[in-house]
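Each chain, written out:
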Amino acid sequence: MASAGDGDTTSHPNKTDQAVSFEICFDRDNKRPRSAPPKRLSTHKKKAITKEEIDKKQQEAEERRKENEREMIDRIAQKREECRKLNENFQALLAQDAKLHGGMGTTDVPSLPREELVHKFRAVKRDYCKIATAISKTVSHQTVPVSSSKQ
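Residues numbered from 1 in each chain as written. Predicted model: local features only at pLDDT ≥ 70, side-chain atom pairs only at ≥ 80, totals over all residues. Heavy atoms only, no water.

### Describing the side chain of E82
Mapped onto the secondary structure, E82 falls in helix α2 (residues 51-100). At 3.4 Å, the side chain of E82 and the side chain of K130 are in polar contact. Apart from residues no more than four positions distant in its own chain, E82 is found in contact with K130 and I131. (Helix = DSSP H or I, 4+ residues; strand = E, 2+ residues; numbered from the N terminus. Polar contact = N/O pair within 3.5 Å; in protein donor to acceptor, adjacent residues only side chain to side chain. Contact = heavy atoms within 4.5 Å.)

Put into structure tokens, the structure is as follows:
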């Protein structure tokens, strides 16, 4: 504890029944800092940034953005192709089922051998599971607000 004559700080303990509190008064005349600033701040020199550096960084960021956009478009095109193949196989299975059950307009649908039907069915199942998994991963990464409205 410093004495009142120091001009620095004065601390007086105030005791109550349950706690002890201190009153600290700082000297307003003393403006200098008590310690030197940290070395990491005193040695840090700001580098002057030129317009060319800013333009270069913006150009690099634009190129990264365009590359990410191209990759996303490629992924979407790949998923679209997978969905098209799935739909094509599924339609073939539906046509075979309709022909089997004597559906109208199925006279021009060629009958497929059992092995090919099994192959198409497995391809549809595999592709559907693959697409469903990808969709669920995409949806789980997004925050979707859930509304709980009771009717």
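Once you've had a look at it, read on.
### Considerations on α2
Note: α-helices contain 3.6 residues per turn, so residues at a spacing of three or four share the same orientation. A rise of 1.5 Å per residue sets the reference length of α2, with its 50 residues, at 74 Å; its end C-alpha atoms lie 73 Å apart and thus fit the reference within 8%. For α2, the complete set of buried residues consists of E82, L86, N89, A92, L93 and Q96. Note on α2: the residue one or two positions beyond its end, G102, has a positive phi of about 70°. (Expected span 1.5 Å × (residues − 1). Buried < 20%, exposed > 50% of the residue type's maximum accessible area, 1.4 Å probe, protein only.)

### Brief notes about a nonpolar patch on the surface
On the surface, V20, F22 and I24 cluster together into a nonpolar patch covering about 310 Å² of accessible area. Examined against the element boundaries, V20 turns out to sit in strand β2 (residues 20-26). (Patch = residues over 30% accessible without salt bridge, like charges linked within 9 Å, V, L, I, M, F, W, Y side chains within 5 Å. Areas by Shrake-Rupley, 256 points an atom, 1.4 Å probe, with all protein chains shown as cover. Salt bridge = Lys/Arg side-chain N within 4 Å of Asp/Glu carboxyl O.)

### Details of the pattern of salt bridges
Applying the stated rule across the entire model yields 10 salt bridges. The closest approach of N and O atoms between E82 and K79, which form a salt bridge, is 3.8 Å. Here K79 and E82 lie together in helix α2, a separation of three residues that amounts to about one turn. Since its relative accessible area comes to 15%, E82 is described here as buried. For R84, the salt bridge identified is with E81, shortest N-O distance 2.5 Å. A residue pair is termed a helical-turn pair when its members lie 3 or 4 positions apart in one helix, as R84 and E81 do in helix α2 at three residues. By relative accessible area, which is 40% here, R84 ends up partly exposed. The class for E81 is partly exposed, based on a relative accessible area of 33%. Through salt bridges with shared partners, a single network forms among E62, R65 and E69.

These figures capture arrangement, not role.
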